[in-house]
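# Analysis of the macromolecular model
Chain by chain, the residues run as shown.
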Amino acid sequence: KITITIDNKRIEAEPGTTILKAARGAGIEIPTLCHFEMCDMGIENRPGGCRICVVEVEGRRNLAPSCVTEVQEGMVVSTHNIRVLNARKTVLQLIISDHPFDCLVCAKSGQCELQHLATQFGIRSLPYAGEQSRYRKDTSPSIIRDVDKCILCRRCEMVCNDVQTVGALSAVNRGFMAVVAPAFEMNLEKSPCTYCGQCVSVCPTGALTEVDHSYEVLQALSNPKKTVVVQTAPAVRAALGEEFGMEPGTLVTGKLVAALRRLGFDYVFDTDFGADLTIMEEGTELLNRIKGYLAGDPNVRIPLLTSCCPGWVNFFEHNFPDLLDVPSTAKSPQQMFGAIAKTYFAEKIGVKREDLVVVSIMPCLAKKYECQRDEFKVDGNPDVDYSISTRELAAFIRQANIDFPGLPDEEYDDPLGESSGAGVIFGNTGGVIEAACRTAYELYTGRSLDRVEFHELRGMAGIRSATVDFDGLKLNIGIAHGLGNARKLLDEVRAGRSQYHAIEIMACPGGCISGGGQPYTHLKEEILKRRTAALYMADERKRIRKSHENPSIIRLYKEFLGEPGSPRAHSLLHTEYFP
Ligand code: HC1
Ligand code: SF4
C-alpha cells in the first residue's frame, strides 16, 4: 500500500489505483461526467476526456484528471480548492457552449447529468457562446440519436463494444463535427444495433433516448371505439417504485395494476401469462428436441436457445445467420400474449381485432422494435400495437397526478392476468430456463418436483452452467446475459464444441431487470441484485409456481389451442428468423 493525502486526509491506497477511486474509497466525492464504472463487472469507461474531475496535485504545474491519474507515494491532492473549482466551471461552460439549450423539451430533462452539474456549479451565463454543431436526428424503431446533445463521453461506445460486442457505435469526424455514430454515419436502423438499449441506460445526456409511444397510447385510451388492453412485463414490478422514491427491490405489482386501471385501460393483464404460455410451447419443443437427439435423429438441433429476448434475437440474426435453426421457434411472451389477446380474448369479449388495442409495459427498448416486426402482424394490424417503457409509464402516472405510493394493491383481470411464479422469474437471468425446467421435468418424468427452485441456475456470473437431473437424464444447461457473453457460447455452438442441451440468453446484464427502459441505475449491481431478489420473492408468494399448472393456461389449451405444438399453437405462437 502507498500513502497519499487528499484534502488533508491521510489515505492508504493500492498501487495503480486512480486518485478518483482512492478519494471515493475515503468518502471524498469528485464530480465526473465521462467516467463510468459498470459496478462489479470490471468494466470502466475512463477516456479522461471531459476534464470535470480535475484535481490539484502538489508540485505539478497542470491540474490532473483524477480518473486517469494513478496515486504515487506521498502525493498531496486538493480536490476542491478555488483553482480546481474555477477550472471545472470553465470546462463545464465550454461543454455547454456546444450543447442545445432546449432543456425544457428534452426527454432527459431532470435526469441529465450535464444539467445536474450546471445546477451544482451555478452556471448562469456562457462567456463562450458562439457556433454550435448541428447534426441530423436519427430515429430508429426503438432509439433516437440526437447527436447535438452528445458530449463525447463515449460511454455508449464502451457498453456497445466492450459489454455487448455489437460494435454499432464509434467516434467519427473531428472538431465540431466529431460524433459517436454507426460506421459511415449510417442510421442506427441500418447498423448492427440490436436495440438492447444499454447505450441509452448509460448516456448522461439526451443524446440517446427511447422512441416515446405514450402519446399514441393516450390517443387510444381517449377513443371510445377502442378497447384497450395492457400487459405488464415481469421486470417492471421490481423497478417502477424507484421512480416514485421507493426503495429498489420494492415489489409494486398491485399498485401497478391499480395505476393502469386509473389511467383508463379496459383490461389489465400480465405478460407473465404469456411467459407461462411460452414455457408450454418452448418446454415441449425442448423435450421433443432432446428425445429426437437421444434417438439419433440427425435433423435435430441441440442446444435449444431461448428466444424471448428481442435484443438477443436481433444479435443472432445479424451475427450468426448460419445458426438460425438453433433457437426455439417460440415467440416471446410479449408476442404470444398479443396473438392470444387479438384472437381468443377478442372473440370472448366480441370485439373486432381492429378495435382492440394491445399495449405492453416493458423494461426493454427492443420490445418496441419487436412488436413492429412484419411477422407479428395480421393484414398490417400488429398483435401488440404499442410498447412503452417503465420510464414512460412512470411519466404517464405523474402526468395523471396519481399518488403511486398511496395506491391500494389491486388484482389483474381474468383470464390473461393469471400467472405462475415461473412466469415472473423470466425477468431475471436464469429465470426462463428455471421456469422451463420446472415444467419439462414434470412432463418428462411424470413426477412432481419436491422443490421447485433450481438454485444452481441462479446468480449473477455472466456465463453460468449447471447440470439438471431429470431422473437419470442429465441436461446440461448454459446461461449467458450480456451479448458479449452470449457471443462466447454461440462461438462454441458454431464450432461444434458446445456441451449444452439448452442455453438461456438475455441481452441485458442481469436480464430484463436491467433493461434499457428501466429507471436509470447506471447498472449499479446493488440495485440490480435487489430487483432480482424482488422477482424471486414474487415467485415464492405465488400460489401456483409452475406454468403448466396455471388454470387459465390449461383452459386456453382446452378451449382454443388444443395441445402444445398443435397446428393452431404453431401458427399463433411460433415464428421464424431472418438473416
Ligand atoms: Fe422480459 Fe420477457 S422476461 S423478455 O426480459 O421473456 O422486456 O420483464 O417481458 O416478452 O415475460 C422484457 C421482462 C419480458 C417477454 C417475459
Ligand atoms: Fe449498441 Fe445496444 Fe445501443 Fe444498439 S442499443 S447501439 S446494440 S448498446
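Residues numbered from 1 in each chain as written. Chains lettered and ligands numbered in written order. Predicted model: local features only at pLDDT ≥ 70, side-chain atom pairs only at ≥ 80, totals over all residues. Heavy atoms only, no water.

## Looking at the overall build of the protein chain
Along the protein chain, the regular secondary structure elements total 18 helices and 22 strands. In terms of overall dimensions, the protein chain is globule-like: its C-alpha atoms have a radius of gyration of 25 Å, near the 25 Å expected for 579 residues. Once the C-alpha set of the protein chain is aligned to its principal axes, its extents read approximately 80 × 55 × 45 Å. Here the protein chain, with 579 residues, has 61% of them falling under the buried criterion. The contacts of the protein chain with a sequence gap of at least 6 include a subset with a gap of at least 24, amounting to 73%. A distance of 4 Å separates the average location of the 65 positive side-chain charges in the protein chain from that of its 74 negative side-chain charges. (Helix = DSSP H or I, 4+ residues; strand = E, 2+ residues; numbered from the N terminus. Rg over C-alpha atoms; globule rule 2.2 N^0.38 Å. Buried < 20%, exposed > 50% of the residue type's maximum accessible area, 1.4 Å probe, protein only. Contact = heavy atoms within 4.5 Å. Lys, Arg positive; Asp, Glu negative; His and termini not counted. Charge placed at Lys NZ, Arg CZ, Asp CG, Glu CD.)

## What to know about the site of ligand 2
Around ligand 2 lies a shell formed by Ile143, Cys160, Val166, Ala168, Leu169, Cys193, Thr194, Tyr195, Cys196, Gly197 and Cys199. Looking at the shell around ligand 2 residue by residue, the classes come out as 9 nonpolar, 2 polar and no charged. (Near = heavy atom within 4 Å. Nonpolar A, V, L, I, M, F, W, Y, C, P; charged D, E, K, R; others polar.)

## A word on the pairing of strand β2 (residues 9-13)
Direction of pairing for strand β1 (residues 2-6) relative to β2: antiparallel, over a ladder of 5 bridges. When the sheet's bridge partners are listed, Thr3 is paired in β2 with Glu12. Counting the residues that bridge the hairpin from β1 to β2 gives 2 residues, and of these Asp7 lies at a positive phi of roughly 50 degrees. (Pairing = 2+ DSSP bridges.)

## Notes on helix α16 (residues 525-540)
The terminal C-alpha atoms of α16, which comprises 16 residues, lie 23 Å apart, in line with the 22 Å expected from a rise of 1.5 Å per residue. For α16, the set of buried residues is Glu525, Ile527, Leu528, Arg531, Thr532, Ala534, Leu535, Tyr536, Ala538 and Asp539. Lining the buried residues of α16 we find α13 (421-424) and α14 (431-445). (Expected span 1.5 Å × (residues − 1).)

## Considering the side chain of Asp138
With respect to the secondary-structure elements, Asp138 resides in strand β8 (residues 137-139). On the basis of relative accessible area, Asp138 is assigned to the buried category, the value being 1%. Side-chain polar atoms of Asp138 contact the backbone nitrogen of Leu188, separated by 2.8 Å. Sequence-distant contacts of Asp138, that is, excluding residues within four places in its chain, are made with Ile143, Ile144, Arg145, Met186, Asn187 and Leu188. (Polar contact = N/O pair within 3.5 Å; in protein donor to acceptor, adjacent residues only side chain to side chain.)

## Focus on the domain arrangement of the protein chain
Partitioning the protein chain into structural domains gives domain 1 (2-120), domain 2 (138-210), domain 3 (214-272 + 335-406) and domain 4 (278-332 + 418-573). Spacing between the C-alpha centres of domain 1 and domain 2 amounts to 24 Å. In this assembly, 20 residues from domain 1 lie in contact with 19 residues from domain 2. Between domain 1 and domain 2 the total buried area reaches about 1,600 Å² when both faces are included, carbon and sulfur atoms providing 65% of it. Inspection of the region where domain 1 meets domain 2 yields 2 salt bridges. Notably, a salt bridge pairs Lys149 with Asp102, separated by 3.3 Å at the nearest N-O pair. Here domain 1 and domain 2 share 8 residue pairs in polar contact (both at pLDDT 80 or more) between them. Elements that contribute at least two residues to the side of domain 1 that touches domain 2 include exactly β3 (36-38), β4 (43-45) and α3 (113-120). Of the residues assigned to the side of domain 1 that touches domain 2, the class counts are 12 nonpolar, 4 polar and 4 charged. (Domains from an automatic or database assignment. Buried area = accessible area lost by both parts, 1.4 Å probe. Salt bridge = Lys/Arg side-chain N within 4 Å of Asp/Glu carboxyl O.)

## Overview of the nonpolar core
Ranked by internal contacts, the top residues of the largest apolar core, which has 89 residues, are Leu240, Leu260, Phe265, Trp312, Leu393, Ile397 and Phe404. Beyond its immediate sequence surroundings of up to four residues, Ile397 is in contact with Leu240, Phe244, Ala259, Leu263, Ile402 and Phe404. Core analysis: the next-biggest nonpolar cluster, separate from the first, contains 28 residues, Met280, Phe337, Val358 and Leu416 among them. (Core = buried A, V, L, I, M, F, W, Y, C linked by side-chain atoms within 4.5 Å.)

## Notes on the side chain of Asn428
The topology assignment puts Asn428 in the loop between α13 and α14. Taking the relative accessible area as the measure of exposure, Asn428 reaches 0% and is therefore buried. With sequence-adjacent residues up to four places away left out, Asn428 is seen in contact with Glu504, Gly510, Ile513, Arg531, Thr532, Leu535 and Tyr536.

## Details of the sheet that holds β2
Spatial ordering of the open sheet is given by β2-β1-β7-β5-β6, a layout of 5 strands whose pairing is mixed. Each end of this open sheet is capped by a strand with a single partner; those strands are β2 and β6 (64-65). Across the sheet, helix α2 (residues 82-97) is in contact with β5 (54-57) and β7 (76-78); its angle to β5 comes to roughly 150 degrees. (Axes fitted to C-alpha atoms, helices over the stretch in contact; angles between N-to-C directions.)

## As for the site of ligand 1
Inspection of the region around ligand 1 gives 16 residues, with Ala233, Ala235, Gln334, Lys367 and Cys512 positioned closest. At a separation of 2.8 Å, an oxygen atom of ligand 1 approaches a polar backbone atom of Gln334. Within the contact set of ligand 1, an oxygen atom lies 2.7 Å away from a side-chain nitrogen or oxygen of Lys367. Secondary structure elements with two or more residues in the shell around ligand 1: α8 (271-294) and α10 (333-349). Counting the residues that make up the shell around ligand 1, at least three belong to each of domain 3 (214-272 + 335-406) and domain 4 (278-332 + 418-573).

## A word on the packing of aromatic side chains
Remark: the centre distance and the inter-plane angle together describe each pair of aromatic rings, the angle taken between the planes. This model, assessed by the stated rule, comprises 13 aromatic pairs. Judged by centre distance (5.0 Å) and plane angle (45 degrees), the ring pair of Tyr195 and Tyr369 falls under tilted. Here the residue Tyr195 occupies a position in the loop between β11 (179-181) and α5 (198-202), and Tyr369 occupies one in helix α11 (residues 366-370), the gap between them amounting to 174 residues. Owing to a relative accessible area of 3%, Tyr195 belongs among the buried residues under this scheme. Through a chain of ring-to-ring contacts, the aromatic side chains of Trp312, Phe315, Phe316, Phe320 and Tyr577 assemble into a single cluster. Over the ring of Tyr520 we find Lys108; its NZ or CZ atom is 4.6 Å from the centre of that ring. One residue, Arg398, lies across the ring of Phe244, its end atom 5.6 Å from the ring centre. (Phe/Tyr/Trp six-rings, centres within 6.5 Å; stacked < 30°, edge-to-face > 60°. Lys NZ or Arg CZ within 6 Å of the ring centre and 35° of its normal.)

## Focus on the environment of Ala23
Summarising the element assignment, Ala23 is placed in helix α1 (residues 19-25). Overall, the relative accessible area of 0% leaves Ala23 in the buried class. In this structure, the C-alpha to C-alpha distance between Ala23 and Pro234, residues 211 residues apart in sequence, is 39 Å. Sequence-distant contacts of Ala23, that is, excluding residues within four places in its chain, are made with Ile6, Ile28 and Ile30.

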